Protein chains: 2
Amino acid sequence: MIHAGSISNTDRVEPHLLRTFVTVAALGSFSAAARQLGYTQSAVSQHIAALEGDLGVALLHRRPVEPTAAGQRLLDHAGPILRRMEAARADIRRAAGEPPGKVVLGGCPLALAGRAARALAEARRSLPGLEVSVRTAARDAVVGGVALGEIDLGLVDGIVAPSDPLRLHDADFLATAPVAEEPVALALPGEHPLATRSSVRLRDLADANWLDAPGIAAPLGELRAAAGTDDLRSALRYEGGDTRTLLSLVAEGHGLLLLPASALAGVQGVRAVPVSAPRLVHRTELVHGRTLGAAVSALAAALTR
Amino acid sequence: MIHAGSISNTDRVEPHLLRTFVTVAALGSFSAAARQLGYTQSAVSQHIAALEGDLGVALLHRRPVEPTAAGQRLLDHAGPILRRMEAARADIRRAAGEPPGKVVLGGCPLALAGRAARALAEARRSLPGLEVSVRTAARDAVVGGVALGEIDLGLVDGIVAPSDPLRLHDADFLATAPVAEEPVALALPGEHPLATRSSVRLRDLADANWLDAPGIAAPLGELRAAAGTDDLRSALRYEGGDTRTLLSLVAEGHGLLLLPASALAGVQGVRAVPVSAPRLVHRTELVHGRTLGAAVSALAAALTR
DNA sequence: TTATCTTACGAGAACCGTAATGATG
DNA sequence: CATCATTACGGTTCTCGTAAGATAA
């Protein structure tokens with residue numbers, strides 16, 4: 001339990017000041033921030049002055065407007081703080097409002113296709129009245145959507161060591177449940193020299209060219225962490241969310257990719273080679289708020305079954 | 001990058017209102033909270049009314065004063081939000097103020113004794129001017145101290161699967177570095193029936209009596225998570241921070257304990273039996289803010305070497 | 001009653017817009 | 001000199017304390 005006295009005086013760093021600061025830093029301009037936020041330039045100036053006065057440090061250089069070192073540290077905190085305040089609001093709405101009949105299911109492309117789509121079909125058969133929307137998005141967007149209550153159930157995925165949980169940012173306060181783990185495979189164009197191998201080790205691919213597709217596959221940085229390898233270079237970055245397009249980039253030899261084996265089964269022009277070491281799996285988890293309506297928990301149960 | 005427009009109107013949930021709410025909930029009384037915070041009862045009442053009005057939900061039952069469901073959700077968020085606001089302040093101080101000559105090293109007892117104490121000795125020999133304070137505390141207190149800038153370097157430990165990072169709460173924004181991993185052993189009184197075994201498996205100990213010593217050893221909940229076992233019962237809880245006392249409780253047969261093997265070497269009346277499965281290690285990590293002064297980084301380097 | 005929360009009201013502070021001033025390229 | 005940030009000023013709103021009212025034990 002938190003002793004009530006443990007929280008001392010944090011006042012004067014009020015959220016609207018943080019919001020203004022974030023906006024000014026993002027736009028690099030007081031006047032542009034004022035326009036965007038519906039304030040006067042003067043008000044924005046006063047906001048920043050209030051923050052700087054309270055903290056006793058300059059947060060922004062002027063002309064050009066750029067964060068100082070201290071300002072950068074505040075920026076690192078301000079986003080998460082503001083997001084969490086909105087998450088609190090969303091959570092309260094969930095706890096207070098009656099649960100909606102309509103359920104929004106969000107997920108990363110690889111998490112949502114296949115297995116989950118099948119489970120969703122079953123669930124809808126057994127819950128005939130259930131109205132569902134489905135949307136795909138990148139992982140952070142899914143987690144953010146769940147945090148803000150825009151998504152009731154999120155399916156997120158990633159590549160980790162077996163039975164390791166996914167490491168989600170800003171999601172301490174959300175509940176997660178494992179859904180599936182499956183082997184990963186290296187995706188190669190059919191005519192690639194390695195395409196005939198029965199298995200490969202990631203360490204042997206240090207100087208290969210990787211495709212970076214953070215909207216669909218595990219971002220390279222995460223892959224480095226999971227693999228323990230430090231250098232995975234990427235020559236081409238795919239920023240969209242369509243798996244078929246991404247696979248055709250692989251087929252045309254734009255780079256290698258690590259994907260769940262099932263996503264590669266029967267894809268034209270792409271060869272899947274099992275990865276023997278390090279031992280990695282493609283893991284899918286369900287993420288949701290801690291207060292679930294009846295319809296949502298029924299669907300959650302179906303998806304984790 | 002965050003689009004500046006992505007942060008909408010979170011106003012009216014101001015930190016001082018949250019602080020009042022947390023205090024009222026903790027004390028179960030408006031008037032007690034008012035006394036503690038230096039407000040009038042009236043002001044406290046108005047604070048709560050403002051929050052409830054803004055959120056459109058009752059947050060507290062009155063007589064007796066207890067959080068509603070919605071209030072409980074807000075409580076879950078309020079603490080982390082307020083702590084992070086203080087962490088932001090501390091971080092800014094660190095970035096702005098000139099680095100102090102004095103370094104505060106905090107750590108959990110098991111993380112700090114032995115290896116780290118030795119490394120600290122070496123570091124102080126090679127940095128003669130360095131003034132250091134050392135303090136031990138439970139893990140959350142160490143992490144919190146680092147977050148608030150009261151501790152420059154924290155050494156925390158825990159029991160996890162090999163090469164897994166420790167899972168620290170509310171510490172996304174702190175930097176961590178692995179320091180050491182060593183085998184864990186089961187601590188038993190000398191005359192315990194298992195004391196002669198050459199190794200044990202945790203699953204065989206499901207109905208043993210464990211000592212819960214969250215200030216020193218891994219809390220039972222964490223152990224359950226790491227071991228995958230669901231039921232580890234505890235009959236006695238040690239709430240202090242003195243390792244010798246804890247070990248004497250083990251020697252007197254008050255319960256079993258999982259500790260790093262080195263902590264058990266040569267302890268009177270305590271037998272250490274290696275744990276064969278699941279594969280677990282005692283891991284030590286260094287945790288610190290992202291802006292380090294020269295003295296602090298020198299010490300950090302010595303401790304992670 | 002008595003302890004406790006709520007409401008009414010008013011003085012002072014805070015906030016933000018208008019407008020004038022200052023700085024920079 | 002044009003653009004942009006800061007400062008001065010004042011009306012409006014907000015905040016919190018005093019004090020009176022309401023309510024449950």
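Structure: see above.
Just so it is clear, the structure is predicted and the values come from calculations on it, not from any experiment.

Every one of the 17 residues lining DNA strand C counts as a neighbour, but T40(A), H47(A), S31(B), S45(B) and R62(B) are closest to it. Counting only atoms of DNA strand C within 4 Å of the protein, the fraction found in sugar and phosphate groups is 58%. Contact between DNA strand C and H47(A): a phosphate oxygen at 2.7 Å from a side-chain N or O atom of the residue. With respect to DNA strand C, the side chain of S42(B) contributes an N or O atom lying 3.1 Å from a base oxygen. Of all the secondary-structure elements, those providing two or more residues to the surface near DNA strand C are helix 3 (41-55) of chain A together with helix 2 (30-37) and helix 3 (41-55) of chain B. Among the elements that line the surface near DNA strand C, the one with the most residues is helix 3 of chain A, at four residues.

Moving on, we come to the packing of helix 6 (residues 115-126) of chain B against helix 11 (residues 294-304) of chain B. If you want to describe how two helices pack, look at the angle between their axes and the distance between the axes. Residues and elements named next belong to chain B. Packing of helix 6 against helix 11 leaves a shortest axis separation of 9 Å and a crossing angle of 135°. By the angle between their directions, the pair helix 6 and helix 11 is classed as oblique. Of the two elements, helix 6 crosses helix 11, and the hand of that crossing is right-handed. Contacts from R115, A116, A119, L120 and A123 of helix 6 reach helix 11 at L299, A302 and L303. Residues that form the contact of helix 6 with helix 11 fall into these classes: seven nonpolar, no polar and one charged.

Taken together, the contact pairs 52 residues of chain B with 52 residues of chain A. Taking both sides of the interface into account, the surface hidden between chain B and chain A amounts to around 4900 Å²; carbon and sulfur atoms contribute 59%. For the pair chain B and chain A, the number of links is four salt bridges. Of the charged contacts, one joins D54(B) and R89(A) as a salt bridge, the two residues approaching to 2.7 Å between their closest N and O atoms.

So, about the relation of the copies chain B and chain A. With an axial shift of 0.0 Å and an RMSD of 0.1 Å, the rotation relating chain B to chain A amounts to 180°. Expressed as an axis order, the relation between the two copies is that of a two-fold axis.

Rules used throughout
- Residues numbered from 1 in each chain as written.
- Chains lettered and ligands numbered in written order.
- Predicted model: local features only at pLDDT ≥ 70, side-chain atom pairs only at ≥ 80, totals over all residues.
- Heavy atoms only, no water.
- Near = heavy atom within 4 Å.
- Polar contact = N/O pair within 3.5 Å; in protein donor to acceptor, adjacent residues only side chain to side chain.
- Helix = DSSP H or I, 4+ residues; strand = E, 2+ residues; numbered from the N terminus.
- Axes fitted to C-alpha atoms, helices over the stretch in contact; angles between N-to-C directions.
- Parallel < 35°, antiparallel > 145°, perpendicular 65-115°, else oblique.
- Left-handed = near helix turned anticlockwise from the far one by under 90°.
- Contact = heavy atoms within 4.5 Å.
- Nonpolar A, V, L, I, M, F, W, Y, C, P; charged D, E, K, R; others polar.
- Buried area = accessible area lost by both parts, 1.4 Å probe.
- Salt bridge = Lys/Arg side-chain N within 4 Å of Asp/Glu carboxyl O.
- Least-squares fit on C-alpha atoms with pLDDT ≥ 70 in both.

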